[in-house]
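The primary structure of each chain is shown beneath.
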Amino acid sequence: MNIQVHIFRSADVSKENLQRVVEYLSSYPGIMQFIAHDFSVQLGRNEDLQVMSDAMSQKIDRSTKSVFFQPINEKKWASKEGQSFPDFFEACDAFRNQENIPEEEHIFLLTSKRNNLNWFAAPDVKTNKLNYFIQMDEWEFYTQSYKLYPVAYQLATLVLKSYMFRNFGEYEQARHMR
């Protein structure tokens, strides 16, 4: 059994940071195969989601009028302002569809964009798809390590949790049991 983990980035995360995460995770032997994709997702105010690579640029039509990743005031970093989880997971779905990645393979979006719950990482619990996002910034407020390590930890443990529980709703219940 091999577990395929596809990792891509929003435009605010450098190619180098994406590559560092994948190289670090790949340095440990095991059944997880980490695949860095040379794509970035430009998330902005427009109604189109732009998925780009060095080789091509293709617009993905969006049917909704919701605003993608509005800029927020950095002074309010601890507030509830930020992007909604569905915005991140729409980007994952668009990437999965464009790259024809099977449903049983994991998709991770690395981003520096803030979310409205101020979480560092989350799975797509509403659809139970194997889509996730991980926040790349602000780890220095909580850890005294280079951000590569907590990001790699989040990524690996989210994959493992997907195999430990039938769905992430079940995980949430188990996590809060006494």
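Refer to the preceding data block for the structure.
Residues numbered from 1 in each chain as written. Predicted model: local features only at pLDDT ≥ 70, side-chain atom pairs only at ≥ 80, totals over all residues. Heavy atoms only, no water.

Caption draft 1: Representation of the overall build of the chain within the structure. The helix and strand inventory of the chain stands at four helices and seven strands. Each helix and strand of the chain, placed in order from N terminus to C terminus, yields the pattern β-α-β-β-β-α-β-β-β-α-α. Buried residues in the chain amount to 44% of all 178 residues. Across the chain, contacts joining residues at least 24 apart in sequence account for 62% of those joining residues at least 6 apart. Looking at the chain as shown, the accessible area adds up to about 10100 Å², and 51% of this sits on carbon and sulfur atoms. (Helix = DSSP H or I, 4+ residues; strand = E, 2+ residues; numbered from the N terminus. Buried < 20%, exposed > 50% of the residue type's maximum accessible area, 1.4 Å probe, protein only. Contact = heavy atoms within 4.5 Å. Areas by Shrake-Rupley, 256 points an atom, 1.4 Å probe, with all protein chains shown as cover.)

Caption draft 2: Layout of the layout of surface pockets. In this model, the largest pocket occupies a volume close to 350 Å³. Together, 16 residues line the largest pocket, and W119, A121, P123, E172 and R175 are the ones closest to its centre. Among the secondary structure elements, those contributing two or more residues to the lining of the largest pocket are β6 (121-123), α3 (148-164) and α4 (168-175). Per-element accounting of the lining of the largest pocket gives the leading share, five residues, to α3. (1 Å grid on protein atoms, 1.4 Å probe; cavity = no way out; pocket = protein on both sides within 12 Å on 5 of 7 lines; lining within 4 Å. Points joined across faces, edges and corners; volume = space filled by probe spheres on them.)

Caption draft 3: Region of interest: the packing of helix α1 (residues 15-26) against α3. Closest axis-to-axis distance for the α1/α3 pair is 10 Å, and the angle between their directions is 65 degrees. With respect to the hand of their crossing, α1 and α3 are arranged in right-handed fashion. Here R20, V21, Y24 and L25 of α1 lie close against α3, whose contacting residues are L148, Y149, V151, A152, L155 and A156. Taken together, the residues of the contact of α1 with α3 break down into nine nonpolar, no polar and one charged. (Axes fitted to C-alpha atoms, helices over the stretch in contact; angles between N-to-C directions. Left-handed = near helix turned anticlockwise from the far one by under 90°. Nonpolar A, V, L, I, M, F, W, Y, C, P; charged D, E, K, R; others polar.)

Caption draft 4: Representation of the packing of aromatic side chains in the model. According to the stated counting rule, one finds 13 aromatic pairs in the structure shown. Here Y24 and Y149 contribute two aromatic rings whose centre-to-centre distance is 5.2 Å and whose plane-to-plane angle is 75 degrees, an arrangement assigned as edge-to-face. Within this pair, whereas Y24 is found in helix α1, its partner Y149 is found in helix α3, the two being separated by 125 residues in sequence. Ring centres of F108 and Y132 lie 4.2 Å apart, and the angle between their planes is 10 degrees; this geometry places the pair in the stacked category. Of this pair, F108 sits in strand β5 (residues 106-111) while Y132 sits in strand β7 (residues 131-135), placing them 24 residues apart in sequence. The pair F108 / Y132 is uniform in exposure class, with both members buried. Counting every residue linked through ring pairs, the aromatic cluster contains F85, F88, F89, W119 and F133. (Phe/Tyr/Trp six-rings, centres within 6.5 Å; stacked < 30°, edge-to-face > 60°.)

Caption draft 5: View of the pattern of salt bridges. In total, this model carries four salt bridges according to the counting rule given. One salt bridge in this structure joins R114 and E138, with 2.4 Å as the shortest N-O distance. Of this pair, R114 sits in the loop between β5 and β6 while E138 sits in the loop between β7 and α3; the two residues are 24 residues apart in sequence, bridging distant segments of the chain. In this structure, K147 and D137 form a salt bridge, with 3.4 Å as the shortest nitrogen-oxygen distance. Residue K147 is located in the loop between β7 and α3, and its partner D137 is located in the loop between β7 and α3; the two are separated by 10 residues in the primary sequence. For K147, a relative accessible area of 24% puts it in the partly exposed group. (Salt bridge = Lys/Arg side-chain N within 4 Å of Asp/Glu carboxyl O.)

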